[in-house]
Amino acid sequence: MTLAPARRPRPSERGRARTSIWLVAALAVLDTLAGTSAMARQPVTMWFWGATPRYRATLERNLVAPFNASQNRYTLRIEYRASVDSDVRNALLAGGGPDLIYSSGPGDLVPLSRAGKLAPLEVYDRQYGWSQRLLGPLVSPCRQFGHLVCLPMSMQAGGMFYSQAVLHRFGWTVPTDVATLENRMRQAMNAGLYASATGNMGWQPINIDYASLFLNEWAGPGCVRAILTHARRWTDPDFRVAIEQLDRWFSQGFIGGRDYFSLNFDKALLLLSQGRTPFVFAPTILFQWAGSYFPGPAGEDLRFAPFPRPTPSTDYPIYDVGLSFTYGINARSPVKDAAAQVLDRMISPAFIRQMAQVWPGYWGPPLVDFPSDPQAVGLTRSYLEAMATISLAVHSGHFGYGIDSFFPPATRQVFIRDLEALWVGEESPKQLLSKAEETFADETRVGTGIQPPAQGSPCTQTN
């Protein structure tokens, strides 16, 4: 049997065949590229607390969008969680968690660091020069168990907010010594104003802000450091004097008058903006709530100054400093290099300036050269100027130790819970400090302490 010759396709058929082959090939290439793109765009996960929609939009615009646009391998994704601290801890201990690790303070990272849940950052520190760009005293709490395990993302310092308008109304200058300050507060009370307006309604840890101020100012930062290095005891006379002075201030109405337990940061800022108090004693993080009360150019009326010196021999200025929050990298993260890139952007001057335009008070990594902005107005200007001054003071060794950042958690609780018991007459200064001594000793034995950085003030024994 003779086989019929195969029919040769006509030119139009050959074109259609080639088109089909190219189409199949093109689709295959596109599928490959899509798969490659999906693989390249690995997620970098970051948890953050449940910020307001406006603040979330600001963070997405100034961190997420620029990072994602800077390369084609990773996608930064932020998940907002109201219980971020406990969520991070529980997830890490269970072997999971996000790539970027949030903490409200380096002290909270100690158990996670001891358990090896945080990636050592030394290689990235050398790559990006973080230790040269950041203030050593505030990087120090992030060095735990022989490794750098986090970066300080928000320096805060205790001190004195004041209204320029109120001081001008009374013809007052900014007080630099406690005797003058107390005189101004008595005059304010006689005029029907609050001596100062701060309170702990809804957030009892506000108490610790006052404990930090008074311990560092009256006992001195050198003596507070001596506690941390076990060269002094909480029951020593210096600390009793500081707590007695704080108790005196409360009993005389210098701290919110009779309304301390019904005031909070928002109400304090409202009173300050209305001219109903000249002062608010608080850490610099207060700036982040001030926008609603000092909008636009009015923000320049709100100013920040160091706490006045108690005696002529006291160093001035002294800022008791700490960290509002830190970020590290999950030891199990598969995208550590990308996470380090995110950390590096978070401590860049450009990012700090951008965030301060909308969100002053919170995003303030302790840079040696804190960024300025000649175009800034209102609260942004006040905040950037205050932080630059504080950075210079810390760099020069004029700083104290915020209890919230440098002391372990149970000791912090003593200066939250028992300070309030002191104010309502349920404990004495001696009893409070005895509890602090016992609690700190217990925490030291189990290794939850942080090695404190050195500073310039000596500790001299009070007789």
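Before reading on, note that the structure itself is shown above.
Just so it is clear, the structure is predicted and the values come from calculations on it, not from any experiment. (Residues numbered from 1 in each chain as written. Predicted model: local features only at pLDDT ≥ 70, side-chain atom pairs only at ≥ 80, totals over all residues. Heavy atoms only, no water.)

(A) Quick look at the overall build of the chain. Tallying secondary structure elements over the chain gives 19 helices and 12 strands in all. Taken over the C-alpha atoms alone, the chain extends approximately 125 × 50 × 35 Å along its principal axes. The proportion of buried residues among the 463 residues of the chain is 54%. Within the chain, residue pairs in contact and separated by at least 24 positions form 77% of the contacts whose partners lie at least 6 positions apart. With the model as given, the accessible surface of the chain reaches about 20200 Å², and the carbon-plus-sulfur share is 54%. For the chain, the centre of its 42 positive side-chain charges and the centre of its 38 negative side-chain charges are spaced 12 Å apart. (Helix = DSSP H or I, 4+ residues; strand = E, 2+ residues; numbered from the N terminus. Buried < 20%, exposed > 50% of the residue type's maximum accessible area, 1.4 Å probe, protein only. Contact = heavy atoms within 4.5 Å. Areas by Shrake-Rupley, 256 points an atom, 1.4 Å probe, with all protein chains shown as cover. Lys, Arg positive; Asp, Glu negative; His and termini not counted. Charge placed at Lys NZ, Arg CZ, Asp CG, Glu CD.)

(B) The arrangement of the pattern of salt bridges in detail. Under the definition given, this model contains 18 salt bridges. As a salt-bridge pair, Glu-79 and Arg-81 come within 2.8 Å of each other at their nearest N and O atoms. Lys-435 serves as the salt-bridge partner of Glu-427, at 2.8 Å between the closest nitrogen and oxygen. Classification of Lys-435 by relative accessible area gives partly exposed; the value is 36%. When salt bridges that share partners are traced, they join Glu-300, Arg-303, Arg-381 and Glu-385 into one network. (Salt bridge = Lys/Arg side-chain N within 4 Å of Asp/Glu carboxyl O.)

(C) Representation of the state of the cysteines. Inspection of every chain in the model, using the stated rule, returns 2 disulfides. Two residues share a disulfide in this structure: Cys-142 and Cys-150, whose sulfurs sit 2.0 Å from each other. On the sign convention where negative is left-handed, the bridge of Cys-142 and Cys-150, at about -95 degrees about the S-S bond, is left-handed. Grouping residues by exposure puts Cys-142 and Cys-150 together as buried. One disulfide in the model links Cys-223 with Cys-459; its S-S distance is 2.0 Å. The sign of the S-S torsion, about 95 degrees, decides the handedness of the disulfide formed by Cys-223 and Cys-459: right-handed. (Disulfide = S-S within 2.5 Å.)

(D) A look at the pairing of strand β3 (residues 100–103). Every second residue of β3 is oriented toward a common face, with Leu-100 and Tyr-102 on one face and Ile-101 and Ser-103 on the other, all of them buried. Relative to strand β11 (residues 326–329), β3 is paired through 4 bridges, and the arrangement is antiparallel. Among the inter-strand pairings, Ser-103 is bridged to a residue of β11, identified as Thr-326. (Pairing = 2+ DSSP bridges.)

(E) Representation of the packing of helix α12 (residues 237–251) against helix α18 (residues 409–423) within the structure. α18 packs onto α12 with a crossing angle of 55 degrees between their chain directions and a minimal axis gap of 10 Å. With respect to α18, the element α12 is oriented oblique. In this structure, α12 crosses over α18, and the sense of that crossing is right-handed. Residues Ile-243, Leu-246, Asp-247 and Phe-250 of α12 form the contact with α18, whose own contacting residues are Phe-415, Leu-419, Leu-422 and Trp-423. Taken together, the residues that form the contact of α12 with α18 break down as 7 nonpolar, no polar and 1 charged. (Axes fitted to C-alpha atoms, helices over the stretch in contact; angles between N-to-C directions. Parallel < 35°, antiparallel > 145°, perpendicular 65-115°, else oblique. Left-handed = near helix turned anticlockwise from the far one by under 90°. Nonpolar A, V, L, I, M, F, W, Y, C, P; charged D, E, K, R; others polar.)

(F) Structural context of the environment of Glu-217. Examined against the element boundaries, Glu-217 turns out to sit in helix α10 (residues 206–219). When the C-alpha positions of Glu-217 and Tyr-316 are compared, they lie 9.3 Å apart, and in sequence the two are 99 residues distant. Not counting chain neighbours up to four residues away, the residues in contact with Glu-217 comprise Phe-307, Pro-308, Pro-310, Thr-314 and Ile-318.

(G) Quick look at the layout of surface pockets. Put simply, the largest pocket is a space of about 1100 Å³. When contributions to the lining of the largest pocket are tallied by element, the ones reaching two or more residues are α3 (84–93), β7 (155–163), α10, α13 (265–273), β10 (319–323), α17 (403–406) and α18. For the lining of the largest pocket, a count of residues per class yields 19 nonpolar, 16 polar and 7 charged. Estimated volume of the second largest pocket: approximately 390 Å³. In terms of lining, the second largest pocket is formed by 20 residues, of which the most central are Trp-218, Ala-219, Gly-220, Thr-314 and Thr-460. Looking at the lining of the second largest pocket, the elements with two or more residues in it are α10, α11 (221–228) and α12. (1 Å grid on protein atoms, 1.4 Å probe; cavity = no way out; pocket = protein on both sides within 12 Å on 5 of 7 lines; lining within 4 Å. Points joined across faces, edges and corners; volume = space filled by probe spheres on them.)

(H) Broad picture of the pairing of β7. Of all 9 residues in β7, 9 are buried, a share of seventy percent or more. Across 5 bridges, β7 lies against strand β8 (residues 279–283) in antiparallel orientation. Counted as the bridge partner of Tyr-162 is Phe-279 from β8. Sheet analysis places β7 next to strand β9 (residues 302–305), joined by 4 bridges and oriented antiparallel. The partner of Tyr-162 across the bridge, within β9, is Arg-303.

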